[in-house]
Amino acid sequence: MLIGIFLMGTENKPDLKNSYFESIFTNSPIGIYIVQNRKFQFANPEFQQILGFHAKELLGKDSFRIILPEDLAFVKENAVNMLKGERVAPYLYRVIDKEGEIRWIMESVASIIYGGKRAVLGYFMDMTERERAKEAMRLSEEKFHKAFRSSPEWMVISTLEDGFYIDVNETFLRTTGYGREEVIGRTSIELGIWDEPRQRTEMVKTLLEQGIVRNLEATFRMRSGEKRFVLWSAEVIDYGDEKCLLAVTRDITDHKRAEQERLHREKLQGVLEVAGATCHELNQPLQS
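Residues numbered from 1 in each chain as written. Predicted model: local features only at pLDDT ≥ 70, side-chain atom pairs only at ≥ 80, totals over all residues. Heavy atoms only, no water.

## Re the overall build of the protein
Argument step 1. Within the protein, the regular secondary structure consists of eleven helices and ten strands.
Argument step 2. Here the protein, with 288 residues, has 36% of them falling under the buried criterion.
Argument step 3. Across the protein, every contact between residues at least 6 apart in sequence was considered, and the portion connecting residues at least 24 apart equals 42%.
Argument step 4. Split by element, the accessible area of the protein, about 17,600 Å² in all, is 53% carbon and sulfur. (Helix = DSSP H or I, 4+ residues; strand = E, 2+ residues; numbered from the N terminus. Buried < 20%, exposed > 50% of the residue type's maximum accessible area, 1.4 Å probe, protein only. Contact = heavy atoms within 4.5 Å. Areas by Shrake-Rupley, 256 points an atom, 1.4 Å probe, with all protein chains shown as cover.)

## Points about the sheet that holds strand β2 (residues 39-43)
Argument step 1. Taken together, five strands build an open sheet; the order of strands is β2-β1-β5-β4-β3 and the sheet is antiparallel. Looking along the sheet, the strands with just one partner apiece sit at the ends: β2 and β3 (91-96). Neighbour-to-neighbour, the strand axes of this sheet turn through a mean angle of 40°, independent of strand direction.
Argument step 2. Where strand β1 (residues 31-36) meets strand β5 (residues 117-126), five bridges bridge the pair, whose relative direction is antiparallel. Each residue of the ladder has a partner; that of Ile32, found in β5, is Tyr123.
Argument step 3. This element, helix α5 (residues 72-83), spans β3, β4 (102-114) and β5 of the sheet and lies at about 135° to β3.
Argument step 4. The strands touched by helix α6 (residues 128-150) are β3, β4 and β5; relative to β4, the strand with the most contacts, the crossing angle is about 140°. (Pairing = 2+ DSSP bridges. Axes fitted to C-alpha atoms, helices over the stretch in contact; angles between N-to-C directions.)

## As for the sheet that holds strand β9 (residues 227-239)
Argument step 1. Strand order in the open sheet formed by five strands is β7-β6-β10-β9-β8, and the pairing between neighbours is antiparallel. Strands with a single pairing partner mark the edges of an open sheet, and in this sheet they are β7 (165-168) and β8 (212-221). If you compare each strand with its neighbour and ignore which way they point, the axes differ by 30° on average.
Argument step 2. One ladder, built from six bridges, connects strand β6 (residues 154-159) with strand β10 (residues 242-251); its direction is antiparallel. Residue Ser158 lies in a different strand from β10, and its bridge partner there is Leu245.
Argument step 3. The sheet contacts of α6 involve β6, β7 and β10, and relative to β6 the element is tilted by about 115°.
Argument step 4. The strands touched by helix α10 (residues 197-210) within the sheet are β6, β8, β9 and β10, with β8 carrying the most contacts at an inclination of about 170°.

## A few points about the pairing of β5
Argument step 1. The sheet contact formed by β4 and β5 spans ten bridges and is antiparallel. Within β5, the position partnered with Glu107 by the bridge is Phe124.
Argument step 2. Taking the residues between adjacent antiparallel strands as the criterion, β4 and β5 are bridged by two residues, where Gly115 takes a positive phi near 65°.

## As for α6
Argument step 1. The end-to-end C-alpha distance of α6, which contains 23 residues, comes to 33 Å, matching closely the 33 Å that a straight helix rising 1.5 Å per residue would cover.
Argument step 2. All of the buried residues in α6 are Thr128, Glu131 and Phe148.
Argument step 3. Residues of α6 that are buried make contact with β3, β4, β5, β6, β7 and β10. (Expected span 1.5 Å × (residues − 1).)

## Considerations on the pattern of salt bridges
Argument step 1. Counted by the stated rule, this structure contains 24 salt bridges.
Argument step 2. Salt-bridge contacts for Asp195 lead to Arg221; the nearest nitrogen and oxygen are separated by 2.6 Å. A residue pair is termed long-range when its members are at least 10 positions apart, and Asp195 in the loop between α9 (188-191) and α10 and Arg221 in strand β8 qualify at 26 residues.
Argument step 3. Across the salt bridge formed by Arg228 and Glu226, the nearest N and O atoms sit 2.6 Å from each other. (Salt bridge = Lys/Arg side-chain N within 4 Å of Asp/Glu carboxyl O.)

## Quick word on α5
Argument step 1. Relative to the 16 Å expected for twelve residues at 1.5 Å per residue, α5 spans 16 Å between its end C-alpha atoms, a close match to the ideal helical length.
Argument step 2. Within α5, the full set of buried residues consists of Val75, Asn78, Ala79 and Met82. Angularly, the buried residues of α5 cover 100° about the axis, an arc narrow enough to put them on a single face. Residues of α5 that are exposed and point over 90 degrees away from its buried face: Ala73 and Glu77. (Arc of directions from axis to C-beta.)

## Describing the pairing of β7
On a regular strand, one side chain projects to one face of the sheet and the next to the other, so that they alternate.
Argument step 1. Across three bridges, β6 lies against β7 in antiparallel orientation. The residue bridging Ile157 from the neighbouring strand is Asp167, located in β7.
Argument step 2. What sits between β6 and β7 in their antiparallel hairpin is a turn of five residues, with Gly163 showing a positive phi close to 80°.

## With respect to the nonpolar core
Argument step 1. With 24 residues, the main nonpolar core has Phe172, Phe220 and Trp232 as its most contacted residues.
Argument step 2. When contributions to this core are tallied by element, the ones reaching two or more residues are β6, β7, α7 (170-176), α10, β8, β9 and β10.
Argument step 3. If sequence neighbours within four positions are ignored, Phe220 has contacts with Trp154, Ile193, Trp194, Asp195, Glu226, Lys227, Arg228, Val230, Trp232 and Thr249.
Argument step 4. If you look at the next biggest cluster of nonpolar residues, it comprises 20 residues, including Val35, Ile50, Ala79 and Met82. (Core = buried A, V, L, I, M, F, W, Y, C linked by side-chain atoms within 4.5 Å.)

## Some points on the side chain of Asp71
Argument step 1. Positionally, Asp71 belongs in the loop between α4 (55-58) and α5.
Argument step 2. The class of Asp71 is buried, set by a relative accessible area of 10%.
Argument step 3. Reaching out from Asp71, the side chain makes a polar contact with the side chain of Arg94 at a distance of 2.8 Å.
Argument step 4. With sequence-adjacent residues up to four places away left out, Asp71 is seen in contact with Tyr93 and Arg94. (Polar contact = N/O pair within 3.5 Å; in protein donor to acceptor, adjacent residues only side chain to side chain.)

Quick look at the structure:
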């Protein structure tokens, strides 16, 4: 709209002290500037605030000097295309503010007549916080994927209701004996992973009610038919447009078998002790 006001104007220099223009430019939440022969001729308060410069520091300054050198060619190309009408969408690039900090800017430009000469009118939106949030999200996702892939525990992402596998890590594949192509897109019930399918049904109910399950003891069946004892934990996550679960499984088979062997030995020892005591009782009358 602001660009349109200039484009519909006469070839005379706009009177920026006119109350109408002054109100628009002063109160605009968007940075507005005018550049002529690469020099700043005007910069509104929002533009000054974004960069940290006062108007007197900007006026007459080479507009290219605020652009990060690595982005200069990109800005030139996109600005020229927009001025020619070959580009409509705003473009994103980086500038350097007065403190030397890098800021991300979304910009659009248009050709105008200013003071009887051709100039460039631009609007300038600070997108730094959004880009920093995106970068933080990207780094967070990158760290998550690294942890997911390299975890010594089985990790899977599957749909909550049906249990379709969306992703599994290498530990899951190595332990279960399945290939990735055998797993992705199929359900845990189809593969027979849950030795007792009703456990999964009960687990889904708990997840829907509480959003999390911790250390559920279960028995999983491997591709070979071997049964393994596990502690299964999961939590509901948003994955795309669907509710999914992120599950971590700890294999406790060795611990479980060792415990069973210990109990078996203790039981056997108890039987032997009872048998020994019985034999002793029977032996006393015989000796007499």
